[in-house]
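Read off the chains here:
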Amino acid sequence: MALMVKLPINAALATQQHKSMPIPWSCGRSIGRNISINVSKRRNFLVATASTPAQSVELANTNTSQNVGLPIMVNGCTGKMGRAVLEAAISAGLHPVPVALGGPEDNGKIVDVGGKEIEIHGMSQREDILFSVLNEYPNLIVVDYTVPAAVNENAALYCKVGVPFVMGTTGGDRELLDKTVADSNVYAVISPQMGKQVVAFLAAMEIMAEQFPGAFSGYHLQVMESHQASKLDVSGTAKAVISCFQKLGVSFELDQVQLIRDPKLQIEMVGVPEEHIYGHAFHMYHLTSPDGTVSFEFQHNVCGRSIYAEGTVDALLFLAKKVVKVSDSCMTHFWHPIYFV
Amino acid sequence: MIKLPLNAALAAQQHKSMLIPWSCGRSSSSNVRVNVSKRRNFLVAMESSPVQSTSQNLGLPIMVNGCTGKMGRAVLEAAISAGLHPIPVALGGPLDSGKIVDIGGKEIEIHGTSQREDILSSVLTEYPNLIVVDYTVPAAVNENAALYCKVGVPFVMGTTGGDREQLYKTVENSNVYAVISPQMGKQVVAFLAAMEIMAEQFPGAFFGYHLQVMESHQASKLDVSGTAKAVISCFQKLGVSFEIDQVQLIRDPKLQIEMVGVPEEHISGHAFHMYHLTSPDGTVSFEFQHNVCGRSIYAEGTVDAILFLAKKVQSKADKRIYDMIDVLREGNMR
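Residues numbered from 1 in each chain as written. Chains lettered and ligands numbered in written order. Predicted model: local features only at pLDDT ≥ 70, side-chain atom pairs only at ≥ 80, totals over all residues. Heavy atoms only, no water.

**Quick look at the overall build of chain A**
Piece 1. Regarding its fold elements, chain A presents twelve helices and 13 strands.
Piece 2. Considering chain A as a whole, with its 341 residues, one finds that 55% of them fall into the buried category.
Piece 3. Pairs at least 24 apart in sequence give 65% of the contacts found in chain A among residues at least 6 apart.
Piece 4. Only carbon and sulfur atoms are counted for the fraction: they give 55% of the accessible area of chain A, which is about 14,400 Å². (Helix = DSSP H or I, 4+ residues; strand = E, 2+ residues; numbered from the N terminus. Buried < 20%, exposed > 50% of the residue type's maximum accessible area, 1.4 Å probe, protein only. Contact = heavy atoms within 4.5 Å. Areas by Shrake-Rupley, 256 points an atom, 1.4 Å probe, with all protein chains shown as cover.)

Below, the structure written as structure tokens:
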């Protein structure tokens, strides 16, 4: 393999007197260790300059004094997603109540987070427990990150007791889920994709495809995605974006997606940080014009679950506002994720 | 550096299709550039003739004013490929009178400024479906538009500059159909529109995110591109803090070739843009790129505009003045 002769990017750009830390256009997508290192440096730089996570959760239109004290119950908080939501929520000034629901084997467990203790209750007397918690905290909002098998049962419970909820758990019978909520008076945010900014990107693609059908007719598409090795299928988000490109006139079949699942390639070629090999979602879509003179590239790259936890907090704050507002015009009591992005 | 042989590794994963590393087109080593060149050749080789001439395109007469210039010439070539019919007469500046433009075996005689109205009128009589394309100079925009409106010939205005307000006023006060767009790169317009829609629908969605913008153009372009400014404005609505002076302009040809990945033959005419967003905690990133070499995209977009305008004229549409968004909304014209 030939040695790469690489222009030292920082030095070259320094001579051009550019401000701020430069990012090579291959950033995050490395095929050599050098670029990976630059990426790590860049990420560390960014983490160092980032303010504390609490500040990062600020919404443009949210008064944080309203957040303080908003009681939440995170069901499934013995799991990683639930725990991440607890941490993000506390950072945002929300108030997890000291009780949560879990599966049969979780009964009696204690979840310790931010100095608070949350006692987990299993299946028995869930309705009574939830009722009494709602009595004590009338503004309570439930967050559900449990398991697909529990989705419908849990939704039915929340609707019966009458507590608003954010359903982050995927799977289950989605039609039945919608029906259960529609048949009740309960407010809910239901979204299998809680990565708010990814949803925004996908929505923009969908709008572009709907407004400008065939705009990219004849263009060649290449799609690469990388996830933890345990994920065997093409991501739902990738499928949705590809569907947009097909409406935009691009010929492409799902089996043309290049799935990168080898950790070595993920680190060296894709640029996934080693600590996120077991939990990441990197996507790259590359379009080229028929004569090769024009190219477009879109990437969305997620490490870990922070984006989903932050998105869940946004959903909580949104829902709390809707519950308070009690608008007559809101005939539907649940929102497609588009409406809260 | 020990590098995993990209093709071999991916072949081991049994992936189909030609591979492009995620740094494609943006190379920092000759290896990657070779892959890109191979890919481009591969695409050119497998491509059938660029456009299928439909029976509707055949014979649509066009007059490309300013075709002694590079853009005008590129439009002529793209138009011929698309089955359109450039007529053997075109208008130019005072210095162009008597010139002959040779294209695809055809000859086009250029007329200067004298008797333009008579020439255009008689050409329109001979070719009632005529559509004019204007790629002249900013100083001629308003005068030319006035001429087209007086004679009553529909036109595509590709020339930038001039008094734009006056331009619209002139056309509005006439009965003439026109497509007016300073940006004829249709797909870039689509991308920008998508960003604008996202920003309008989801204000503040990227609050707290860090933005980095790099753009590369031929060294003679000293300012930040209008398209970059428009995209940045979208990100600002999306809640990102960013000032125009933070844009990194790459104008050194050496860097353009080695870092940005601009093909050497396009150093003197290209427009590469990269926008990189990173979440506050650094765990999420988005990247958008649009990279144009040469002027083919503008020529192709102009042909789309011509075909679109012909449709509107023929259907006697109510609306008269259109832009590239209208062309996009119409769908695939070919």
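Having put the structure on the table, let's press on.
**Things to note about the overall build of chain B**
Piece 1. When you go through chain B residue by residue, the secondary structure sums to eleven helices and 13 strands.
Piece 2. Counting only residues that meet the buried cut, chain B has 57% of its 334 residues in that class.
Piece 3. Here the contacts in chain B between residues at least 6 apart in sequence split such that 64% fall between residues at least 24 apart.
Piece 4. Taken as a whole, chain B presents about 13,800 Å² of accessible surface, with 52% of it coming from carbon and sulfur.

**What to know about helix H8 (residues 226–237) of chain B**
Residues and elements named next belong to chain B.
Piece 1. For H8, spanning twelve residues, the distance from its first C-alpha to its last is 17 Å, which sits close to the expected 16 Å at 1.5 Å a residue.
Piece 2. Residues of H8 that are buried: Thr-227, Ala-228, Val-231, Ile-232, Cys-234 and Phe-235. Down the axis, H8 shows its buried residues gathered within 150 degrees of arc, on one side only.
Piece 3. For H8, the elements touching its buried residues are helix H7 (186–201), strand E9 (210–217), strand E11 (270–278) and strand E12 (284–293).
Piece 4. With its phi angle positive at about 100 degrees, Gly-239 sits one or two positions after the end of H8. (Expected span 1.5 Å × (residues − 1). Arc of directions from axis to C-beta.)

**So, the UniProt feature "domain: Dihydrodipicolinate reductase C-terminal" (unreviewed entry) in chain A**
Piece 1. Using the residue numbers shown here, the UniProt feature "domain: Dihydrodipicolinate reductase C-terminal" (unreviewed entry) corresponds to residues 198–322 of chain A.
Piece 2. Segment residues 198–322 of chain A splits into 41% helix and 24% strand. End C-alpha atoms: 23 Å apart. (UniProt positions renumbered as here; feature names shortened; annotations may be inferred.)

**Topic: the sheet that holds strand E1 (residues 61–65) of chain B**
Residues and elements named next belong to chain B.
Piece 1. If you walk across this open sheet you meet the six strands as E2-E1-E6-E7-E8-E13, and the pairing is parallel. Either end of the sheet is taken by a strand with one partner, and the two such strands are strand E2 (85–86) and strand E13 (321–322).
Piece 2. Together, E1, strand E6 (131–134) and strand E7 (155–157) form the strand contacts of helix H5 (residues 141–151), whose direction differs from that of E7 by roughly 170 degrees.
Piece 3. Strands in contact with helix H6 (residues 164–172) are E7, strand E8 (178–180) and E13; relative to E8, the strand with the most contacts, it is inclined by about 165 degrees. (Pairing = 2+ DSSP bridges. Axes fitted to C-alpha atoms, helices over the stretch in contact; angles between N-to-C directions.)

**Digging into the pairing of strand E4 (residues 110–113) of chain A**
Remember that side chains alternate between the two faces of the sheet whenever the strand is regular.
All names here are of chain A.
Piece 1. The side-chain alternation of E4 yields one buried face, formed by Val-111 and Val-113, and one unburied face, formed by Ile-110 and Asp-112.
Piece 2. The pairing of E4 with strand E5 (residues 116–121) spans four bridges and is classified as antiparallel. In the sheet register, Asp-112 faces E5, and the bridge partner there is Glu-117.
Piece 3. Where E4 hands over to E5, the hairpin turn is made up of two residues, of which Gly-114 adopts a positive phi near 55 degrees.

**Quick look at the pattern of salt bridges**
Residue and element names in this part refer to chain B.
Piece 1. Taken as a whole and judged by the stated rule, the model has 20 salt bridges over all chains.
Piece 2. Here Arg-251 and Glu-215 are joined by a salt bridge, their closest N and O atoms 2.7 Å apart. Of the two residues, Arg-251 sits in the loop between strand E10 (248–250) and helix H9 (253–260) while Glu-215 sits in strand E9, which places them 36 residues apart along the sequence. (Salt bridge = Lys/Arg side-chain N within 4 Å of Asp/Glu carboxyl O.)

**Remarks on helix H6 (residues 126–136) of chain A**
Residue and element names in this part refer to chain A.
Piece 1. Looking at H6, one finds that the buried residues are Arg-126, Ile-129, Leu-130, Val-133 and Leu-134. With its buried residues spanning 130 degrees around the axis, H6 presents them on a single face. Of the exposed residues in H6, the ones pointing more than 90 degrees away from its buried face are Asp-128, Asn-135 and Glu-136.
Piece 2. Packed against the buried residues of H6 are strand E1 (71–75), strand E3 (99–101), E5, strand E6 (141–144) and helix H7 (151–161).

**Thoughts on the pairing of E9 of chain B**
Residues and elements named next belong to chain B.
Piece 1. In terms of burial, E9 is largely enclosed, as seven of its eight residues are buried.
Piece 2. In this structure, E9 lies alongside E11, joined through eight bridges in antiparallel fashion. The residue bridging Glu-215 from the neighbouring strand is His-273, located in E11.
Piece 3. As paired elements, E9 and E10 share three bridges and run parallel to each other. Across the sheet, residue Glu-215 finds its bridge partner in E10, namely Leu-249.
Piece 4. Taking the sense of rotation as the criterion, the β-α-β connection linking E9, H8 and E10 turns out right-handed. (Right-handed = clockwise from strand over helix to strand, strands pointing away.)

**Quick look at the packing of aromatic side chains**
Piece 1. All chains considered together, the criterion is met by 22 aromatic pairs over all chains.
Piece 2. Taking the centre distance of 5.0 Å and the plane angle of 50 degrees together, the rings of Tyr-158 of chain A and Phe-165 of chain A count as tilted.
Piece 3. A relative accessible area of 0% places Tyr-158 of chain A in the buried class.
Piece 4. Plain terms: the ring middles of Phe-308 of chain B and Tyr-322 of chain B are 4.9 Å apart, the flat faces sit at 85 degrees to each other, and that makes the pair edge-to-face. One end of the pair, Phe-308 of chain B, is in helix H10 (residues 296–314); the other, Tyr-322 of chain B, is in strand E13, with 14 residues separating them in the sequence. For the pair Phe-308 of chain B and Tyr-322 of chain B, a shared accessibility class is recorded, and that class is buried. (Phe/Tyr/Trp six-rings, centres within 6.5 Å; stacked < 30°, edge-to-face > 60°.)

**Here's the deal with the packing of helix H4 (residues 116–126) of chain B against H5 of chain B**
For any two helices packed against each other, one specifies the inter-axial angle together with the distance between the axes.
Residues and elements named next belong to chain B.
Piece 1. Axis separation between H4 and H5 bottoms out at 10 Å; the angle between their running directions is 45 degrees. By the angle between their directions, the pair H4 and H5 is classed as oblique. In this structure, H4 meets H5 at a crossing whose hand is right-handed. Where H4 abuts H5, its residues Arg-116, Glu-117, Leu-120, Ser-121 and Leu-124 lie against Glu-143, Asn-144, Leu-147, Tyr-148, Lys-150 and Val-151.
Piece 2. Residue composition of the contact of H4 with H5, grouped by class: five nonpolar, two polar and four charged. (Parallel < 35°, antiparallel > 145°, perpendicular 65-115°, else oblique. Left-handed = near helix turned anticlockwise from the far one by under 90°. Nonpolar A, V, L, I, M, F, W, Y, C, P; charged D, E, K, R; others polar.)

**Examining the UniProt feature "domain: Dihydrodipicolinate reductase N-terminal" (unreviewed entry) in chain B**
Piece 1. With numbering matched to this structure, UniProt assigns "domain: Dihydrodipicolinate reductase N-terminal" (unreviewed entry) to residues 61–184 of chain B.
Piece 2. Secondary structure within residues 61–184 of chain B divides into 35% helix and 24% strand; the distance between the first and last C-alpha atoms comes to 20 Å.

**Considering the UniProt feature "domain: Dihydrodipicolinate reductase C-terminal" (unreviewed entry) in chain B**
Piece 1. Sites flagged by UniProt as "domain: Dihydrodipicolinate reductase C-terminal" (unreviewed entry) map to residues 188–328 of chain B.
Piece 2. Along residues 188–328 of chain B one finds 41% helix and 23% strand; the C-alpha atoms at either end are 11 Å apart.

**Some thoughts on the side chain of Ser-279 of chain B**
Piece 1. Along the chain, the position of Ser-279 of chain B falls in the loop between E11 and E12.
Piece 2. The contact partners of Ser-279 of chain B, leaving out residues within four places of it in the chain, are Tyr-209 and Val-284 of chain B.

**Considering the UniProt feature "domain: Dihydrodipicolinate reductase N-terminal" (unreviewed entry) in chain A**
Piece 1. If you check UniProt for "domain: Dihydrodipicolinate reductase N-terminal" (unreviewed entry), the listed places come out as residues 71–194 of chain A in our numbering.
Piece 2. Helix makes up 35% of residues 71–194 of chain A and strand makes up 24%, while its end C-alpha atoms are separated by 20 Å.

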